[in-house]
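# Topology and contacts: notes
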Amino acid sequence: MMNKTFLPADILIPSGEKCNLSAWSVVACDQYTSEPAYWEKAEAIVGDAPSALRITFPEIYLEKEGKEERIEKINSSMDDYLESGLFKKYTDSFIYIERTLADGTTRKGLIGKVDLEKYNYMPGSQSEVRATEGTVLERIPPRVAIRKNASLEIPHIMLLIDDPKCTVIEPLSIKKESFEKVYDFDLMLGGGHIAGYLANSETENISAALTKLADKENFDKKYNVSDKGVLLFAVGDGNHSLATAKECYEQVKATIPEEEWADHPARYALVELVNLHDTSLGFEPIHRVVFDVNTAHLLSELSKYYDISTDESDGQCFTYVTATGAGSIKIKNPSSNLTVGSLQSFLDFYTKKYGGRIDYIHGDDVVRSLSSNLGNIGFLLPNISKSELYPTVILDGALPRKTFSMGHAHDKRFYLEARKIK
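Bear in mind that the values here come from a model prediction, so they are computed numbers and not experimental data. (Residues numbered from 1 in each chain as written. Predicted model: local features only at pLDDT ≥ 70, side-chain atom pairs only at ≥ 80, totals over all residues. Heavy atoms only, no water.)

A few words on the overall build of the protein chain. Of regular secondary structure, the protein chain possesses 12 helices and 22 strands. Radius of gyration (C-alpha) of the protein chain: 22 Å, near the 22 Å computed for a compact globule of 422 residues. Seen through its principal axes, the protein chain has C-alpha atoms that stretch 60 × 55 × 45 Å. Counting the 422 residues in the protein chain, one finds 55% classified as buried. Sequence separation of at least 24 residues holds for 77% of the intrachain contacts in the protein chain that already meet a minimum separation of 6. (Helix = DSSP H or I, 4+ residues; strand = E, 2+ residues; numbered from the N terminus. Rg over C-alpha atoms; globule rule 2.2 N^0.38 Å. Buried < 20%, exposed > 50% of the residue type's maximum accessible area, 1.4 Å probe, protein only. Contact = heavy atoms within 4.5 Å.)

Among the 5 residues of strand β19 (residues 357–361), 4 are classified as buried, and the element is accordingly described as predominantly covered. Across 5 bridges, the pairing between strand β15 (residues 287–291) and β19 is antiparallel. The residue of β19 that forms the bridge with R288 is Y360. (Pairing = 2+ DSSP bridges.)

What follows is about the packing of aromatic side chains. By the definition in use, this model includes 19 aromatic pairs. With a centroid separation of 4.5 Å and an interplanar angle of 10°, the aromatic rings of F283 and F404 are classed as stacked. Highlighted residues: F283 in strand β14 (residues 283–285) and F404 in strand β21 (residues 404–406), separated in sequence by 121 residues. Site record: aromatic cluster; members linked through ring pairs are Y305, Y306, F346, F349, Y350 and Y354. Its guanidinium or amino end placed over the ring of Y268, K113 lies 4.1 Å from that ring's centre, counting from NZ or CZ. Across the ring face of F291, the terminal group of R357 is positioned such that the distance to the ring centre comes to 4.3 Å. (Phe/Tyr/Trp six-rings, centres within 6.5 Å; stacked < 30°, edge-to-face > 60°. Lys NZ or Arg CZ within 6 Å of the ring centre and 35° of its normal.)

With that settled, the discussion passes to the side chain of T33. One can find T33 in the loop between α1 (21–24) and α2 (36–46). By relative accessible area, T33 is classed as buried at 18%. Of note is the side chain of T33, whose polar atom sits 3.0 Å from the side chain of D359. With residues near it in sequence (within four places) discarded, T33 still touches E59, I60, D359 and Y360. (Polar contact = N/O pair within 3.5 Å; in protein donor to acceptor, adjacent residues only side chain to side chain.)

Regular strands place their side chains on alternate faces of the sheet. Here strand β13 (residues 268–275) lies mainly inside the structure; 8 of its 8 residues are buried. Bridge analysis of strand β5 (residues 106–115) against β13 gives 6 bridges, and the strand direction is antiparallel. Across the sheet, residue G112 finds its bridge partner in β13, namely V271. Of the pairings in the sheet, the one linking strand β9 (residues 158–161) to β13 comprises 4 bridges and is parallel in character.

Within the fold, V46 resides in helix α2. Each C-alpha atom, one on V46 and one on M188, is 9.8 Å from the other, the two residues being 142 residues apart in sequence. The residues touching V46, leaving out its near neighbours within four places in the chain, are A23, S51, L53, R54 and M188.

Another aspect to go through is the sheet that holds β15. Spatial ordering of the open sheet is given by β16-β18-β17-β20-β15-β19, a layout of 6 strands whose pairing is antiparallel. Across the chains shown, the open sheet's two edge strands, defined by having one partner strand only, are β16 (308–309) and β19. Most of the contacts of helix α9 (residues 295–305) go to strand β20 (residues 377–380), to which it runs at about 45°, and overall it touches β15, β16, β17 (316–322), β18 (325–331) and β20. (Axes fitted to C-alpha atoms, helices over the stretch in contact; angles between N-to-C directions.)

To continue, consider the environment of D365. Within the secondary structure layout, D365 lies in helix α11 (residues 364–370). Note on D365: relative accessible area 65%, which makes it exposed. For the pair D365 and K216, spaced 149 residues apart in the sequence, the C-alpha separation amounts to 44 Å.

As a further point, take helix α8 (residues 239–253). Since one α-helical turn is 3.6 residues long, residues separated by three or four positions face the same way. Given a rise of 1.5 Å per residue, 15 residues ought to cover 21 Å, and the 21 Å separating the end C-alpha atoms of α8 matches this to within 8%. N239, H240, L242, A243, T244, A245, K246, C248, Y249 and K253 are the residues of α8 that are buried. (Expected span 1.5 Å × (residues − 1).)

As a packed pair, α9 and helix α10 (residues 339–354) sit with axes 11 Å apart at the nearest point and diverge in direction by 125°. Between α9 and α10, the angle is such that the two are oblique. For the pair α9 and α10, the crossing hand works out as right-handed. Contacts from H297, L298, E301, L302 and Y305 in α9 reach S345, F346, F349, Y350 and Y354 in α10. Residue composition of the contact of α9 with α10, grouped by class: 7 nonpolar, 2 polar and 1 charged. (Parallel < 35°, antiparallel > 145°, perpendicular 65-115°, else oblique. Left-handed = near helix turned anticlockwise from the far one by under 90°. Nonpolar A, V, L, I, M, F, W, Y, C, P; charged D, E, K, R; others polar.)

Function cannot be read off these values alone, since they describe shape.
Have a look at this one:
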């Protein structure tokens, strides 16, 4: 039986003759959320050229005025791009990609569509496609407002497979020279380089390898379980974007007969599939910065919320940074198995009671820079091993939100491929 969850898609890519792909492709919207200078540079590079920047909503602007007008402009730009003949359509296709990162390593991936019927982001889910981090339900409606009337999706969603024998994606690298190359260009602002190859001749091999990975007997033996649903695809990036696609699909389902569900484009979401064991794939901690607070008061409240220590005793350890100094803290009575979960629990409590804004930051240097301003406090968190990911999600459920990032901000997925969803 062939895998029916991850499938070839009708993929749209701007024609290189009509579009500068280096200006078209921009980093995921949830990056650089406290660094407006990055997005100003992206705007300057794009100018008036066709760009994914015009059909996505950088989260740095989500809380600013004019959100409704920006969404209307996004939708109209999508329609304009479709009507202008900007895109070349690759029907029922997989695209194998190689992304050269800033450090020179290469990440291998595969573009296709995932069946949203097989995805459930709620706690306790046993679905084949599962969230790895907690989904913040209140973050979904603003994203639904963007997607619900959109004619296109252009994703930054990355799904992971736990494929230590490298049976699904890696064999494509050996055969890529026989594939049609569909793009090959440099990404803006330190994003590295990307090349894509049409892998349609390998559809059956890809599906067969995924089916073998999903075998229940093999799964139970691999993770030493017997009463768990098979987790084949774990959401590595874009969890809230995939949850938004799911919510929009559920809304569509409520308006059409059941017999039309199977073929409706909203049932699927375009994603990149990556092997957890890809040698370029590193897990980086996502740090926290809290803005507009009395930092001394926050630290005082932390010492009331938890039994904390600054000595060498056992506990969950992290570093705090303020304009007046830095220090280490150990929580001796944590509320979560992971340090990030214990800290997040306190920060949620504190900001709800006393105010302040939490942002989730990639990179130690950015945290230290932002925390050098009075009224801000940064928290530098330890990393988790990627080998812990699947066992933890299978046994304990989704990790606390914003637990890890796969690489630095400039290594995140860039918007490039699109798909019609109406």
